[in-house]
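# Structural features, examined
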Amino acid sequence: MNGLLLALRRVNGVLARLSNYLGMTIVAIMVTALTASAVTRYISGTGYDWLIELPPALVPWLVFPLLGPLLRSGDHIKVDLLPTFLPARKTLYLNLFCYTLTFIGALIFLVAGNEAVALFHRLGQLMELEIEIPIWWMYLAFPVGFGMLALFALELILETLRALFAGTKAETAGEPS
């Protein structure tokens, strides 16, 4: 299990860095597009619609690839009510339950996202922008993001299991024979 966990940590570390760089790039593109739209409208009196419509179209690529890294770092939105009342071992069981549910949900959404991408790819529809962008490119963020979330949830499941087994071994080693 340690070898798998080590490999998963390395892969997820690379994915987390790539997701962060992608997120920073998308935010920069969004800000640049909106600024360019405002400057163009101010100077010429008319603007390009695609500069205004591009930022909302990029939101899925900003949000979904960051789900896994946010879960891993604990920076996602959460309410930590039960862990404040539970002992450490029971908190590990709660975390294992949450990470397992996240893993299962991510796999379900990964399959659904793949089906949506395949559908839009077959339909050949384009976004309603001045620039012709296939819709399936935007929907590709769903399976990519949820696939990554599944990897990060699997890493957290394995880490939690390792912590639980380490606690069990320590408890049994401390008992008199």
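Throughout, a residue's number is its position along its own chain's written sequence, starting from 1. It should be noted that, the model being predicted, local features are given only for residues of pLDDT at least 70 and side-chain atom pairs only at 80 or more, the latter also being counted only at that level, while totals for whole chains, interfaces and linings use all residues. Side-chain figures throughout are based on the complete set of non-hydrogen atoms in the structure, without hydrogens or water.

## Digging into helix H5 (residues 88-123)
Secondary structure is summarised from DSSP: a helix means a run of H or I of at least four residues, a strand means a run of E of at least two, and numbering begins at the N terminus for each. How far a helix is expected to stretch is found by multiplying one less than its residue total by 1.5 Å. Between its terminal C-alpha atoms H5 stretches 51 Å, which fits the 52 Å expected from 36 residues at 1.5 Å a residue. Positive backbone phi, at 70°, marks Gly124, one or two positions downstream of H5.

## Structural notes on the pattern of salt bridges
Any Lys or Arg side-chain nitrogen found within 4 Å of a carboxyl oxygen on Asp or Glu counts as a salt bridge. Tallied over the entire structure, the rule returns three salt bridges. Of the charged contacts, one joins Arg41 and Asp49 as a salt bridge, the two residues approaching to 3.8 Å between their closest N and O atoms. In this structure, Glu155 engages Arg72 in a salt bridge whose closest nitrogen and oxygen atoms are separated by 3.2 Å. Here Glu155, found in helix H7 (residues 141-174), pairs with Arg72, found in helix H3 (residues 67-73); they are 83 residues apart in sequence, far enough to count as distant. Here the term buried applies to any residue with accessible area under 20% of the maximum for its type, exposed to any over 50%, and partly exposed to those in between, with areas from a 1.4 Å probe on protein chains only. Judged by its relative accessible area of 2%, Glu155 falls in the buried class.

## Some words on the packing of helix H1 (residues 2-44) against helix H2 (residues 49-63)
In contact at an axis separation of 8 Å, H1 and H2 are set at 165° when each is read in the N-to-C sense. As summarised for this structure, H1 and H2 are arranged roughly antiparallel, according to the angle between their axes. Here the hand of the crossing between H1 and H2 comes out left-handed. In contact with Leu22, Gly23, Ile26, Val27, Ile29, Met30, Ala33, Leu34, Ala36, Ser37 and Arg41 of H1, H2 contributes Asp49, Leu51, Ile52, Leu54, Pro55, Leu58, Val59, Trp61 and Leu62. Under the convention adopted here, Pro, Cys and the residues Ala, Val, Leu, Ile, Met, Phe, Trp and Tyr are nonpolar, Asp, Glu, Lys and Arg are charged, and Gly plus all remaining residues are polar. Split by residue class, the contact of H1 with H2 holds 16 nonpolar, two polar and two charged. The convention used is that axes are lines fitted to C-alpha atoms, helices contributing only their stretch in contact, and that angles between N-to-C directions extend from 0 to 180 degrees. Angle categories: roughly parallel below 35 degrees, roughly antiparallel above 145, roughly perpendicular from 65 to 115, and oblique for all the rest. We call a crossing left-handed when the near helix sits turned anticlockwise from the far one by less than a right angle, and right-handed when that turn is clockwise. Working rule for contacts: check all heavy atoms of both residues, and any pair within 4.5 Å makes them a contact.

## Quick word on the packing of aromatic side chains
Aromatic pairing here means that ring centres of Phe, Tyr or Trp (its six-membered ring) are within 6.5 Å. Orientation follows from the plane angle: under 30 degrees is stacked, over 60 is edge-to-face, and everything else is tilted. A complete count under the given rule lists six aromatic pairs for this structure. Aromatic ring contacts, followed pair by pair, group Phe64, Phe109, Phe120, Tyr139, Phe142 and Phe146 into a single cluster.

## Side note on the side chain of Asn12
Structurally, the position occupied by Asn12 is in helix H1. Under the relative-accessibility criterion, Asn12 is labelled buried at 0%.

The values reported here are purely geometric and, on their own, carry no functional implication.
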